[in-house]
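Structure at a glance
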Amino acid sequence: MTARAVHPRRQAAGPTRRHALFAGLCLCCLPTLGRAAESFTMEEVGPGLYVRKGLIADATPDNADAIANIGFLVGRTGVVVTESGGSLADGQWLRAEIAKRTDKPITHVVLTHVHPDHVFGAGAFFQDKPVFIGHAKLTEAMAARGEFYRKRLIDLLGEDRTGPVVYPTMSVKDTAEIDLGDRRLTFTAHGPAHTTSDLSMIDSGSGLLFPADLLFVNRIPSLDGSLKGWLAEIERLKAMGPARAVPGHGPVAVDLAPALADLSGYLTALRDGTRAAIAKDVPIEKAVTSVAADQRDKWALFDTYNGRNVTVAYQELEWE
């Protein structure tokens, strides 16, 4: 299938690079496919539940697009793809890994949010005719950004390996549930936080929470929605009950409480430091070099993304 948008409506024009940098579009997740992904493996983190650990690195021609944690779970009636990967080629790799472990049909593909490293693998699963599950705000976000992201990916990968823009066919406005016979998956649509389209999932079979990029571990978080909203959604994740989680970036599974504490620590430092800079009339050009600087040693890729996070936070908090 050619790499084109799959949507009943005409696409809106993509934003400019300037808009991408200053209006909240996340470029950190644009992958480039280099040497084959066969060096990556799936880890079984629960019964019938497999995850590939993404690299704690920026996307490069040599890292095979593997910067997000992607995977799948197997139920009695079918397979759910928990994250599809960052390009058509990455999704094809994941589909091949599924075929090695089960011949059950792939019934659902979860699109956890708008960023390309989590959704551009979805086109690899069209032949399975699954339900594509996403946040109620994801269609709007993909309409605004999808073609821009796709064109950037084509520049990096070539059209044949990029994949189409895929839209959800099942939208979650609040909560939803699907039953795989021997396990239930419960989905929650979150308010603006990491993005405006964050969807989490809890698997009854393993008890694991899948917060996607609402949880970064070791790699610095990328703010593309609302700083205050993200701190609020962290409290919501705590209240959901699971003790363990599969983060969007980081180890394949972690204890939830300490991981959320680390994330909250960074976001709180970002919030408080940005507010202090605004109160002192520190211009944004200087704030990006000083706010949350004490967090540098705690996060990989800090110098690459903290300044951008400060820019987004400054714009949100400036008119409180």
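Our structure's up above, just so we're on the same page.
Treat the numbers as computed from the prediction; the structure is a model and nothing was measured.

**Let's talk about helix H6 (residues 227-239)**
Over its 13 residues, H6 extends 19 Å from the first C-alpha to the last, a length consistent with the 18 Å expected when each residue adds 1.5 Å. Where H6 is buried, its residues meet strand S11 (209-216), helix H7 (256-279) and helix H9 (302-317). Capping the start of H6 is the job of one residue whose side-chain oxygen sits 2.9 Å from the backbone nitrogen of Gly229: Ser226.

**What about the sheet that holds strand S13 (residues 254-255)?**
Pairing is mixed across the open sheet formed by six strands, whose spatial order is S8-S9-S10-S11-S12-S13. Of all strands in the sheet, those with a lone pairing partner are strand S8 (175-179) and S13, marking the two edges. Pairing between strand S9 (residues 184-189) and strand S10 (residues 199-203): five bridges, direction antiparallel. If you follow Thr188 over to S10, its bridge partner there is Ser200. Of the strands in this sheet, S11, strand S12 (244-249) and S13 touch H7, which is tilted by about 20° from S11.

**Considering the packing of aromatic side chains**
Using the criterion set out here, one finds five aromatic pairs in the structure. Note on Phe126 and Phe132: the rings are 5.8 Å apart at their centroids and 75° apart in plane angle, and the pair reads as edge-to-face. Judged by centre distance (6.0 Å) and plane angle (50°), the ring pair of Phe148 and Tyr149 falls under tilted. The same class applies to Phe148 and to Tyr149, which are both buried.

**A few points about the nonpolar core**
With 36 residues, the main nonpolar core has Leu215, Trp230, Tyr266, Leu267 and Leu270 as its most contacted residues. Elements that contribute at least two residues to this core include exactly S11, H6, H7 and H9. Core analysis: the next-biggest nonpolar cluster, separate from the first, contains 33 residues, Met42, Leu111, Ala122 and Leu138 among them.

**Some thoughts on the pairing of S9**
If a strand is regular, its side chains alternate between the two faces of the sheet. Sheet topology places S8 next to S9; five bridges connect them, and they run antiparallel. Considered in S9, the bridge of Thr175 is made with Thr188. Between S8 and S9, which pair antiparallel and follow one another directly, the connecting turn spans four residues, one of which, Gly181, has a positive phi of 90°.

**A closer look at unusual backbone geometry**
You will see that Ala212, though not glycine, has its phi angle at about 50°, which is positive. One can find Ala212 in strand S11. Backbone geometry places Ala292, a non-glycine residue, at a positive phi of 65°. Within the element layout of this structure, Ala292 appears in the loop between helix H8 (284-290) and H9.

**Observations regarding the pairing of strand S5 (residues 106-111)**
Summarising burial for S5: five of the six residues are buried, a large majority. Looking at chain direction, strand S4 (residues 79-83) and S5 are connected through three bridges and run parallel. The residue of S5 that forms the bridge with Val80 is His108. Crossover S4 to S5 through helix H2 (residues 88-101) is right-handed.

**Looking at the pattern of salt bridges**
Under the criterion given, the structure shown has 17 salt bridges. Arg296 is the salt-bridge partner of Asp303, the closest N and O atoms lying 2.8 Å from each other. It is possible to trace a salt-bridge network through shared partners that takes in Glu97, Lys100 and Arg101.

**Overview of the packing of H7 against H9**
For any two helices packed against each other, the geometry is given by the interaxial angle and the distance between the axes. Look at H7 against H9: their axes get within 9 Å of each other, and the N-to-C directions meet at 55°. Considered as vectors, H7 and H9 are oriented oblique to each other. Pair H7 / H9 crosses with right-handed handedness. On H9, the residues touching Tyr266, Leu270, Arg271, Thr274, Arg275 and Ile278 of H7 are Phe302, Asn306, Asn309, Val310, Ala313, Tyr314 and Leu317.

**Some details on the sheet that holds S4**
Reading across the sheet, the seven strands line up as S1-S2-S3-S4-S5-S6-S7 and stay open at both edges, with mixed pairing between neighbours. The outermost strands of the open sheet, each flanked by one partner alone, are strand S1 (43-46) and strand S7 (170-172). Between one strand and the next, the sheet's axes are offset by a mean angle of 25°, whatever the strand orientation. In this sheet, strand S2 (residues 49-52) lies alongside S1 in antiparallel orientation, the contact comprising three bridges. By the bridge assignment, Gly46 is partnered in S2 with Leu49. On top of the sheet, H2 reaches S2, strand S3 (70-74), S4 and S5; it is set at about 30° to S3, its chief contact.

**Some points on H9**
Residues separated by three or four positions in an α-helix point in the same direction, a consequence of the helix having 3.6 residues per turn. The end-to-end C-alpha distance of H9 is 21 Å, a good match for the 22 Å that 16 residues give at a rise of 1.5 Å each. Within the sequence span of H9, burial applies to Phe302, Tyr305, Asn306, Arg308, Asn309, Val310, Thr311, Val312, Ala313, Tyr314 and Leu317.

Conventions and cut-offs
Residues numbered from 1 in each chain as written. Predicted model: local features only at pLDDT ≥ 70, side-chain atom pairs only at ≥ 80, totals over all residues. Heavy atoms only, no water. Helix = DSSP H or I, 4+ residues; strand = E, 2+ residues; numbered from the N terminus. Expected span 1.5 Å × (residues − 1). Contact = heavy atoms within 4.5 Å. Polar contact = N/O pair within 3.5 Å; in protein donor to acceptor, adjacent residues only side chain to side chain. Pairing = 2+ DSSP bridges. Axes fitted to C-alpha atoms, helices over the stretch in contact; angles between N-to-C directions. Phe/Tyr/Trp six-rings, centres within 6.5 Å; stacked < 30°, edge-to-face > 60°. Buried < 20%, exposed > 50% of the residue type's maximum accessible area, 1.4 Å probe, protein only. Core = buried A, V, L, I, M, F, W, Y, C linked by side-chain atoms within 4.5 Å. Right-handed = clockwise from strand over helix to strand, strands pointing away. Salt bridge = Lys/Arg side-chain N within 4 Å of Asp/Glu carboxyl O. Parallel < 35°, antiparallel > 145°, perpendicular 65-115°, else oblique. Left-handed = near helix turned anticlockwise from the far one by under 90°.

By themselves, these observations are geometric and do not establish any function.
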